[in-house]
Amino acid sequence: MEIVQIVGLGLVATILALVIKEQKPMFAFLLAIASGVIIFFFLVGKIAEVIRILERLAVQADLNLVFLETILKIIGIAYIAEFGAQMTRDAGQGAIASKIELAGKVLILVMAVPIIQIIIETVIDLLPA
């Protein structure tokens, strides 16, 4: 029941942040960031486990690991960009958060181009000449 621990940590951090925010807003923000980082590191082990399983399945299915690695990198970019944007938005910097999200989207597009290219080449090869 890891989710209970995560939610519990989040609720305690939220209550503390609300109490501290009136006296020391900077400490409340640092508490929010620290709790977010702790939750993220709590999940890193689970993410690594999923990646190992997917890699093992790809090897068993004799799939090209380059595609799996690219997809995992894309997912990682999406999660990290979202995490950074949320933290920045929590600090009241919505404009910077939007730029982080834009950068994440552009990097995802750049990472996806080789896969899109292979898909288009495959479709073209399947079409009658």
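Residues numbered from 1 in each chain as written. Predicted model: local features only at pLDDT ≥ 70, side-chain atom pairs only at ≥ 80, totals over all residues. Heavy atoms only, no water.

- Per an unreviewed UniProt entry, the protein chain goes by Stage III sporulation protein AD and derives from Brevibacillus nitrificans.

## Brief notes about a nonpolar patch on the surface
Part 1 of the argument: Nonpolar side chains collect at one region of the surface, where Met1, Ile3, Val4, Val7 and Leu11 lie side by side and expose about 540 Å² of accessible area between them.
Part 2 of the argument: Here Leu11 lies in helix 1 (residues 2–21). (Patch = residues over 30% accessible without salt bridge, like charges linked within 9 Å, V, L, I, M, F, W, Y side chains within 5 Å. Areas by Shrake-Rupley, 256 points an atom, 1.4 Å probe, with all protein chains shown as cover. Salt bridge = Lys/Arg side-chain N within 4 Å of Asp/Glu carboxyl O. Helix = DSSP H or I, 4+ residues; strand = E, 2+ residues; numbered from the N terminus.)

## Let's talk about the layout of surface pockets
Part 1 of the argument: Here the largest pocket defines a volume of roughly 500 Å³.
Part 2 of the argument: What lines the largest pocket is a set of 20 residues, among which Thr14, Ala28, Ala32, Ser35 and Asp90 lie closest to the centre.
Part 3 of the argument: When residues of the lining of the largest pocket are traced back to their parent elements, those giving at least two are helix 1, helix 2 (25–60) and helix 3 (65–90).
Part 4 of the argument: Ranked by residues supplied to the lining of the largest pocket, first place goes to helix 2 with nine residues.
Part 5 of the argument: Grouping the amino acids of the lining of the largest pocket by side-chain chemistry returns 13 nonpolar, five polar and two charged.
Part 6 of the argument: Every residue along the wall of the second largest pocket is listed here: Phe40, Ile47, Val50, Ile51, Leu54, Leu72, Ile75, Gly76, Tyr79 and Ile80.
Part 7 of the argument: Put simply, the parts of the chain that give the lining of the second largest pocket at least two residues each are helix 2 and helix 3.
Part 8 of the argument: Of the residues contributing to the lining of the second largest pocket, the split by class is nine nonpolar, one polar and no charged. (1 Å grid on protein atoms, 1.4 Å probe; cavity = no way out; pocket = protein on both sides within 12 Å on 5 of 7 lines; lining within 4 Å. Points joined across faces, edges and corners; volume = space filled by probe spheres on them. Nonpolar A, V, L, I, M, F, W, Y, C, P; charged D, E, K, R; others polar.)

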